[in-house]
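Summary of structural features
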Amino acid sequence: MHQMSDQHVDVRFDHTIIPARDKHRSARFFTSLFGLPEPTEAGFFLQVRLSDGRLFEFAEPPVEFPGQHFAFLVNDETFDAVLERLRRDAVAYWADPQQRRPGEINTNHGGRGVYFDDPDGHHFEAITARYDGTALT
């Protein structure tokens, strides 16, 4: 068993790579719906900087890939804007991960939530409260 030292441990999530068939289309879909700044080129990645400084890096791998799930904690104002953009752009959305409640949002955990897919089949979720009820302040 590994023992903890007395040294201060500081581990932070920095970035994740999002596989895409067309990284430009996927990155712009993401930034458009969430109201984020335009993606920037960084080597063979298209980087999107989130509000907390973490990076979503879109890439075009030469292999097939399964869709992944990404959940984003947002404030009420951002949630309203995301929902408005989903409707404006006619992007299908639903209230539950099983897609049994299309065109609806949920009010789970004392907040609101919505699910939708990006052009490459990744499953996005915008929530205003975590499963433990914690919200952005």
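Above: the structure in question.
The structure contained in this document is the topic of the report that follows. Every value quoted in this text rests on a predicted model; they were computed, and no experiment measured them. Position numbers for residues count from 1 along each chain, tracking the sequence in the order it is written. In keeping with the model being predicted, local features are shown solely for residues with a pLDDT of at least 70 and side-chain atom pairs are shown and tallied solely at 80 or more, while totals for entire chains, interfaces and linings include all residues. Working from all heavy atoms in the structure, the side-chain values ignore hydrogens and water.

The next thing to look at is the environment of Arg25. Numbering goes from the N terminus for both helices and strands, where a helix is a DSSP run of H or I of at least four residues and a strand is a run of E of at least two. Counting through the fold element by element, Arg25 comes out in helix α1 (residues 23-34). Separated by 70 residues in sequence, Arg25 and Ala95 place their C-alpha atoms 25 Å apart. In contact with Arg25, other than residues within four places in its own chain, are Pro119 and Asp120. Contacts are assigned to residue pairs that have any heavy atoms within 4.5 Å of one another.

Here, expected helix span is obtained from the residue count minus one, scaled by 1.5 Å. The first and last C-alpha atoms of helix α2 (residues 76-88) sit 18 Å apart over 13 residues, in line with the 18 Å expected at 1.5 Å per residue. In this fold, the buried residues of α2 make contact with α1, β6 (93-94), β7 (113-117) and β8 (123-127). Following α2 by one or two positions, Ala90 has its phi on the positive side, about 55°.

The next point concerns the sheet that holds β7. Here we have 4 strands laid out as an open sheet, ordered β5-β8-β7-β6, and mixed in their pairing. The open sheet is flanked by β5 (69-73) and β6, the only strands paired with a single partner. Here β5 runs beside β8; their pairing, made up of 5 bridges, is parallel. The residue of β8 that forms the bridge with Leu73 is Ile127. Only the stretch in contact is used when a helix axis is fitted, and all axes are lines through C-alpha atoms; the angle between N-to-C directions ranges over 0 to 180 degrees. The sheet strands contacting α2 are β6, β7 and β8, and the helix crosses β7 at an angle near 40°. A pair of strands is labelled paired if DSSP reports no fewer than 2 bridges between them.

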